[in-house]
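# Per-entry structural report
Spelled out from the first residue to the last, the chains are:
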Amino acid sequence: MAVDPIVSGLVVALQANFCQVQLDQPGPGGIGRLLCVRRTRLGKRGQQVCVGDRVALDGLDWPACRGAIKAVEPRHSWLGRPAVANCDRVVVMVAVAEPDLDPLQLTRFLLTAEATAQSVELVLSKADLLGSEAVQTWMRRLESWGYQPHPLSLTTGEGLLEIRQRLSSPGLAVLCGPSGVGKSSLLNALAPALALRVGTVSGKLRRGRHTTRHVELFPLAPGALLADTPGFNRPDLPADPTRLAALFPEVVRRLEAGFCRYTNCLHAGDPGCAVGTDWDRYPLYDQCLQELLLPGAAPTERRSWMSRLRQTSRQSLRQQGQDKDPPPRGVSA
């Protein structure tokens, strides 16, 4: 009885119940890609197959270019939305105009990217639609957040060469962001042969229209892949409130320079907190924290609850005689 040789590859696209798998080694006749189904046992084990997964195949039908995914290799990183496995860096792309840049929306995208523990880059598209001084103001603000934003104009070509060079380095980069910011247009500029469908911003709501419907990997250079993803406007927050602060680079910097009184501090403005409230994104952090602690509650109810929480915390500290600044590092209290 003939046994299929070991064949492996990379999932480059999902289409309904099928996966497009790029083979590591060409098959008979130079076949480089197979349309594959997923073995039922993967679902029984709770294994999900995503774009970016490295997989092993069996059930090969070379004439029909078909196969079946029998196993999924362990992942080194995971981006939950959009679902991409084994990414090496996440490129968050937002527009400075049409649609206008929303700091809270951008923060939620950045939190999703930071949760992968991979390199995060930030691209500001449509830079030609905003005056240079206004763009520089945004760049200085985002630098204070801990990022080095790259302005981009596909109309004038500003920034395109730099972004091409950065995305051409080996690895799998994920391009994500709201609808209408120009993700597919950027891919068309980087690889014109793709001829991806692009749309325009809604005239009434000034929001982007969805043109990309699924995640797909595209080669930009030898060893360099870029995932184009569907746009969406409200990324999910991490489920654990205690993990939230670690996803803000500016909080991480402050914690490296000081320490909080309590190991389980949520950095919500309590006495003894090394993070404090005098940083640009604190109101956004506070809003995200309230949403995690009181999901489904109205904003006024969240603010009231947080206010009572802080008041109780301060009263407890005063009763214990601890409501004072913590001693410097290395000095006993």
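Heads up: the structure comes first, above all this text.
Bear in mind the structure is a predicted one, so any value in this text is a computation, not a measurement.

A separate point is the overall build of the chain. If you tally the helices and strands in the chain, you get eight helices and 13 strands. Among the 333 residues that make up the chain, the fraction classed as buried is 47%. Taking contacts inside the chain between residues at least 6 apart in sequence as the whole, the part at least 24 apart equals 64%.

With that settled, the discussion passes to empty space enclosed by the protein. Tallying each qualifying case throughout the model produces two cavities of 30 Å³ or more. In this model, the largest cavity occupies a volume close to 40 Å³. Along the walls of the largest cavity sit Val94, Ala95, Pro99, Asp100, Leu101, Asp102, Gln105, Leu106, Pro178 and Val181, which together make up its complete lining. For the lining of the largest cavity, a count of residues per class yields seven nonpolar, one polar and two charged. The space that makes up the second largest cavity amounts to roughly 30 Å³. The wall of the second largest cavity is formed by Val91, Glu121, Val123, His150, Ile163, Arg166 and Leu167. Broken down by element, the residue count for the lining of the second largest cavity peaks at three residues, all from helix α4 (residues 160-167). Grouping the constituent residues of the lining of the second largest cavity by class yields four nonpolar, one polar and two charged.

If you trace the backbone, histidine 150 turns up in strand β10 (residues 150-151). Classification of histidine 150 as buried rests on a relative accessible area of 8%. Beyond its immediate sequence surroundings of up to four residues, histidine 150 is in contact with Glu121, Leu122, Val123, Leu124, Glu162, Ile163 and Arg166.

With that out of the way, let us pick up the environment of leucine 247. Along the chain, leucine 247 turns up in the loop between β13 (224-228) and α6 (249-257). Residue classification places leucine 247 among the buried positions, given a relative accessible area of 6%. When the C-alpha positions of leucine 247 and glutamate 114 are compared, they lie 5.6 Å apart, and in sequence the two are 133 residues distant. When sequence neighbours within four positions are dropped, the list of residues in contact with leucine 247 reads Leu111, Glu114, Ala115, Tyr147 and Pro238.

Following the criterion strictly, the structure yields ten salt bridges and no others. Here aspartate 58 and arginine 41 are joined by a salt bridge, their closest N and O atoms 3.9 Å apart. Taken as a pair, aspartate 58 in strand β4 (residues 54-61) and arginine 41 in helix α1 (residues 40-44) lie far apart in primary sequence, 17 residues in all. For the salt bridge of arginine 75 with aspartate 53, the shortest nitrogen-to-oxygen distance reads 2.7 Å. Taken together, the residues arginine 75 in the loop between β5 (66-72) and β6 (78-79) and aspartate 53 in the loop between α1 and β4 connect sequence positions 22 residues apart.

Rules behind the numbers
- Residues numbered from 1 in each chain as written.
- Predicted model: local features only at pLDDT ≥ 70, side-chain atom pairs only at ≥ 80, totals over all residues.
- Heavy atoms only, no water.
- Helix = DSSP H or I, 4+ residues; strand = E, 2+ residues; numbered from the N terminus.
- Buried < 20%, exposed > 50% of the residue type's maximum accessible area, 1.4 Å probe, protein only.
- Contact = heavy atoms within 4.5 Å.
- 1 Å grid on protein atoms, 1.4 Å probe; cavity = no way out; pocket = protein on both sides within 12 Å on 5 of 7 lines; lining within 4 Å.
- Points joined across faces, edges and corners; volume = space filled by probe spheres on them.
- Nonpolar A, V, L, I, M, F, W, Y, C, P; charged D, E, K, R; others polar.
- Salt bridge = Lys/Arg side-chain N within 4 Å of Asp/Glu carboxyl O.

Function cannot be read off these values alone, since they describe shape.
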